[in-house]
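Residue strings, one per chain:
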Amino acid sequence: MIESPPPIATQAFTDADAAVALLEEIYDRNTQFLRDRFEAYLNGQSFATHVRACYPFVRMTTSTYARLDSRLSYGFVAGPGVHETSVTRPDLFRSYLVEQMRLLIENHGVPVEIGESSEPIPVHFAYRRDINIEAALTNDAVGRRSLRDVFDTPNLATMNDSIADGTIELPPGVPEPLSLFRAARVDYSLRRLYHYTGTDPEHFQNFVIFTNYQFYVDAFMQLCQQRLASGEAGLDAFVAPGNVVTNSARLGGGITGIAPARVPQMPAYHLVRPNYRGITLINIGIGPSNARNVTDHVAVLRPHAWLMIGHCAGLRNTQRLGDYVLAHGYVREDHVLDHELPPWVPIPALAEMQVALEEAVGEVTGLEGFELKRVMRTGTVASVDNRNWEIAGPSVIRRLSQSRAVALDMESAAIAANGYRFRVPYGTLLCVSDKPLHGEIKLAGMASEFYRQRVGQHLEIGLKALERLKQQESERLHSRKLRSFAEVAFQ
């Protein structure tokens with residue numbers, strides 16, 4: 001026997017806003033049901049049945065291959081049939097869900113259906129913020145029972161990326177997926193984001209910068225504080241780890257929240273604009289595992305673009321310290337995504353991202369055309385998993401030469417590859433901080449001078465590139481290069 005909330009009838013909508021309202025109603029009611037039952041459980045109440053509540057779903061059914069706008073890379077299904085996805089946190093994803101369903105309704109001329117799915121909500125995910133449920137079970141009356149006997153708990157088998165990776169095998173009669181991520185997978189990442197970055201997912205913006213040095217964070221924080229203090233139009237707040245919010249002077253100023261005693265592993269900082277149109281910067285630290293980890297989780301927020309700006313080793317004698325490298329290809333020797341995305345899969349350069357970055361370099365440096373080559377070259381970036389690659393032997397140097405790589409780091413290929421994998425527009429602009437093949441290794445004094453001269457300018461270029469991308473229509477920015485021939489409808 002299972003105890004569940006009373007069923008809610010599935011309803012059809014041609015109004016996307018009304019559809020999301022029902023998603024919120026179902027989600028709020030079902031998570032409140034689980035919280036109420038769990039608190040009774042903690043107080044010693046016995047349950048003779050299993051307690052379950054399920055996520056809401058979005059469903060769309062079409063009987064034709066026809067659609068209205070072939071230019072779009074999303075907003076339509078590939079063919080006739082039933083297409084469905086479960087949904088979590090409709091309050092957080094409201095504008096995203098409204099847009100996706102509006103496109104489906106317009107492109108296919110059919111309503112969307114909203115109802116209750118068969119995917120259980122794990123009791124852990126009924127709470128907005130991670131709570132230590134296991135610690136709450138120390139009460140003797142509770143501890144003698146198994147949580148899983150009463151409630152659904154996170155099931156990792158349902159939190160995979162088989163839809164994104166194209167490996168999903170659906171039994172006959174099961175609806176095709178509408179989105180890359182089902183609800184439990186999204187909930188898992190929302191909690192991981194807070195764990196690693198120290199900020200709630202509500203603060204993440206749709207344009208993201210990843211970096212591998214604290215110097216960029218310091219420059220970003222200083223710049224954001226200055227812009228907020230000036231009352232710049234369109235800027236609402238700056239958010240730091242611990243959900244420390246600095247409000248714009250235009251909105252009355254003031255600071256709320258308490259900084260954590262320890263900085264999180266990959267701290268995130270958010271320059272907030274309405275409708276998530278601001279910029280999030282995350283210091284992912286060093287290494288491809290961090291790069292893969294954070295992008296696995298940021299991807300569920302469906303950002304419009306992410307950039308890697310950081311330091312690299314210059315591999316050509318003609319490069320100078322402080323020169324920029326705009327990646328147009330990647331040698332993936334980091335190996336963190338080899339299983340999900342084999343190395344033979346090309347990771348193409350995206351024209352919109354490349355143009356925005358090159359124009360931003362030109363604007364900030366004052367150079368253009370052939371003169372821009374004085375400070376930037378476009379080429380292949382190699383990413384490795386061995387920080388001491390310089391002393392790994394001649395075979396490494398030979399492979400780098402054969403690949404025509406002009407720069408080497410440890411994170412860029414993983415970030416670009418996960419952008420490709422999760423259909424998030426990506427780009428990379430690195431700055432040469434050392435040239436180990438040519439006798440210029442990274443030493444403390446040399447590094448300090450380099451950081452003083454280049455970090456601020458490099459960050460400014462990244463910010464200007466994102467501002468250019470914001471001016472483009474999202475339908476144009478989300479390139480069809482990132483979509484396969486069997487795609488989900490949601491962006």
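All values derive from a computational prediction rather than experimental measurement.

Here's the deal with the overall build of the protein
(1) Moving on: Across its full length, the protein holds 14 helices and 18 strands.
(2) Moving on: Relative to the 2.2 N^0.38 estimate, which gives 23 Å for 491 residues, the radius of gyration of the protein is 24 Å and therefore close to what a compact globule would have.
(3) Moving on: By its C-alpha atoms, the protein is 75 × 55 × 50 Å across when sized along the principal axes.
(4) Moving on: Here the protein, with 491 residues, has 55% of them falling under the buried criterion.
(5) Moving on: A total accessible area of about 21100 Å² is found for the protein, and carbon and sulfur atoms account for 52% of it.

With respect to the nonpolar core
(1) Moving on: Formed by 114 residues in total, the largest nonpolar core has its most connected members in Met101, Phe210, Phe220 and Ile282.
(2) Moving on: With 7 residues, the single largest contributor to this core is helix H13 (residues 444–470).
(3) Moving on: In contact with phenylalanine 210, not counting residues within four places along its chain, are Ile282, Ile284, Val294, Thr295, Val298, Trp306, Leu307, Met308, Ile309 and Ile415.
(4) Moving on: Listed in part, the 20 residues of the second largest apolar core include Phe38, Tyr41, Tyr55 and Tyr127.

Re helix H9 (residues 288–298)
(1) Moving on: With respect to burial, H9 is a largely interior element, 10 of its 11 residues being buried.
(2) Moving on: Of the residues making up H9, those classed as buried are Pro288, Asn290, Ala291, Arg292, Asn293, Val294, Thr295, Asp296, His297 and Val298.
(3) Moving on: Contacts from the buried residues of H9 go to helix H7 (183–197), strand E8 (207–211), strand E13 (279–283), strand E14 (305–314), strand E16 (376–384) and helix H12 (412–421).

Considering the pairing of strand E12 (residues 268–272)
(1) Moving on: By the criterion of burial, E12 is predominantly enclosed, with 5 of the 5 residues buried.
(2) Moving on: Two strands pair when backbone bridges link them, and strand E9 (residues 237–240) and E12 are joined in this way by 3 bridges, in the antiparallel orientation. Each bridged residue has a counterpart across the sheet, and for valine 239 the counterpart in E12 is histidine 270.
(3) Moving on: Bridge count between E12 and E13: 4 bridges; the pairing is antiparallel. Paired with leucine 271 across the bridge in E13 is isoleucine 279.

Remarks on helix H10 (residues 351–365)
(1) Moving on: The terminal C-alpha atoms of H10 lie 21 Å apart, and with 15 residues this matches the ideal 21 Å at 1.5 Å per residue to within 8%.
(2) Moving on: Within H10, the full set of buried residues consists of Glu352, Met353, Gln354, Ala356, Leu357, Ala360, Val361 and Gly362.
(3) Moving on: Where H10 ends, the next residue or the one after it, glycine 366, has phi of about 80 degrees, a positive value.

Notes on the side chain of arginine 191
(1) Moving on: With respect to the helices and strands, arginine 191 occurs in helix H7.
(2) Moving on: Within the structure, arginine 191 has its side chain in polar contact with the backbone oxygen of phenylalanine 125 (distance 3.2 Å).

So, the pattern of salt bridges
(1) Moving on: Across all of its chains, the model carries 33 salt bridges by this definition.
(2) Moving on: Among the ionic pairs, arginine 94 bridges to aspartate 17, the shortest N-O distance being 3.8 Å. Of the two residues, arginine 94 sits in helix H2 (residues 94–108) while aspartate 17 sits in helix H1 (residues 16–42), which places them 77 residues apart along the sequence.
(3) Moving on: Overall, aspartate 17 belongs to the partly exposed group, its relative accessible area being 44%.
(4) Moving on: One salt bridge connects glutamate 363 with arginine 468, and the closest N-O pair in it is separated by 2.7 Å. Of the two residues, glutamate 363 is situated in helix H10 and arginine 468 in helix H13; the sequence distance between them amounts to 105 residues.
(5) Moving on: By relative accessible area, glutamate 363 is classed as partly exposed at 42%.
(6) Moving on: The network of salt bridges with shared partners includes Asp161, Asp165, Arg185, Arg292, Asp296, Glu340 and Arg421.

Side note on the side chain of glutamate 352
(1) Moving on: By secondary structure assignment, the location of glutamate 352 is in helix H10.
(2) Moving on: When neighbours within four sequence positions are excluded, glutamate 352 is seen to be in contact with Leu469, Gln472, Arg476, Leu477 and Ser479.

Comments concerning the packing of H9 against H12
For any two helices packed against each other, the geometry is given by the interaxial angle and the distance between the axes.
(1) Moving on: Two elements in contact, H9 and H12, have axes separated by 8 Å at closest approach and are oriented at 30 degrees. The pairing of H9 with H12 is recorded here as roughly parallel in orientation. The hand of the H9/H12 crossing is right-handed. Contacts between H9 and H12 pair Pro288, Ala291, Arg292, Thr295 and Asp296 from the former with Ala414, Ile415, Asn418 and Arg421 from the latter.
(2) Moving on: Residues that form the contact of H9 with H12 fall into these classes: 4 nonpolar, 2 polar and 3 charged.

Things to note about the packing of aromatic side chains
Aromatic ring pairs are reported here in terms of the distance separating the ring centres and the angle at which the planes meet.
(1) Moving on: Summed over the entire model, instances satisfying the criterion amount to 12 aromatic pairs.
(2) Moving on: Relative to tyrosine 41, the ring of phenylalanine 38 lies with its centre 6.1 Å away and its plane at 25 degrees, an arrangement referred to as stacked. Of this pair, phenylalanine 38 and tyrosine 41 are both found in helix H1, 3 residues apart, which corresponds to roughly one turn of the helix. Comparing phenylalanine 38 with tyrosine 41 shows no difference in burial state: the two are buried.
(3) Moving on: Connected via pairs of aromatic rings, a cluster forms that spans Phe38, Tyr41, Phe47, Tyr127 and Phe151.

Section: a nonpolar patch on the surface
(1) Moving on: A surface patch of nonpolar side chains, amounting to about 190 Å² of accessible area, comprises Ile168, Leu170 and Val174.
(2) Moving on: Mapped onto the fold, leucine 170 is located in the loop between helix H6 (162–165) and strand E7 (176–177).
(3) Moving on: Classification of leucine 170 by relative accessible area gives partly exposed; the value is 32%.

Considering the sheet that holds E7
(1) Moving on: Across the sheet, 5 strands lie side by side as E2-E6-E4-E5-E7; this open sheet has mixed pairing. Whereas interior strands pair on both sides, the edge strands pair on one side only; in this sheet they are strand E2 (11–13) and E7.

Some points on unusual backbone geometry
(1) Moving on: With phi around 60 degrees, asparagine 275 is a residue other than glycine that occupies positive phi space.
(2) Moving on: Topologically, asparagine 275 is positioned in the loop between E12 and E13.
(3) Moving on: With relative accessibility at 61%, the residue asparagine 275 sits in the exposed group.
(4) Moving on: The residue arginine 404 is not glycine, and still its phi comes out positive at about 65 degrees.
(5) Moving on: The topology assignment puts arginine 404 in the loop between helix H11 (394–403) and strand E17 (405–409).

Procedures and definitions
- Residues numbered from 1 in each chain as written.
- Predicted model: local features only at pLDDT ≥ 70, side-chain atom pairs only at ≥ 80, totals over all residues.
- Heavy atoms only, no water.
- Helix = DSSP H or I, 4+ residues; strand = E, 2+ residues; numbered from the N terminus.
- Rg over C-alpha atoms; globule rule 2.2 N^0.38 Å.
- Buried < 20%, exposed > 50% of the residue type's maximum accessible area, 1.4 Å probe, protein only.
- Areas by Shrake-Rupley, 256 points an atom, 1.4 Å probe, with all protein chains shown as cover.
- Core = buried A, V, L, I, M, F, W, Y, C linked by side-chain atoms within 4.5 Å.
- Contact = heavy atoms within 4.5 Å.
- Pairing = 2+ DSSP bridges.
- Expected span 1.5 Å × (residues − 1).
- Polar contact = N/O pair within 3.5 Å; in protein donor to acceptor, adjacent residues only side chain to side chain.
- Salt bridge = Lys/Arg side-chain N within 4 Å of Asp/Glu carboxyl O.
- Axes fitted to C-alpha atoms, helices over the stretch in contact; angles between N-to-C directions.
- Parallel < 35°, antiparallel > 145°, perpendicular 65-115°, else oblique.
- Left-handed = near helix turned anticlockwise from the far one by under 90°.
- Nonpolar A, V, L, I, M, F, W, Y, C, P; charged D, E, K, R; others polar.
- Phe/Tyr/Trp six-rings, centres within 6.5 Å; stacked < 30°, edge-to-face > 60°.
- Patch = residues over 30% accessible without salt bridge, like charges linked within 9 Å, V, L, I, M, F, W, Y side chains within 5 Å.

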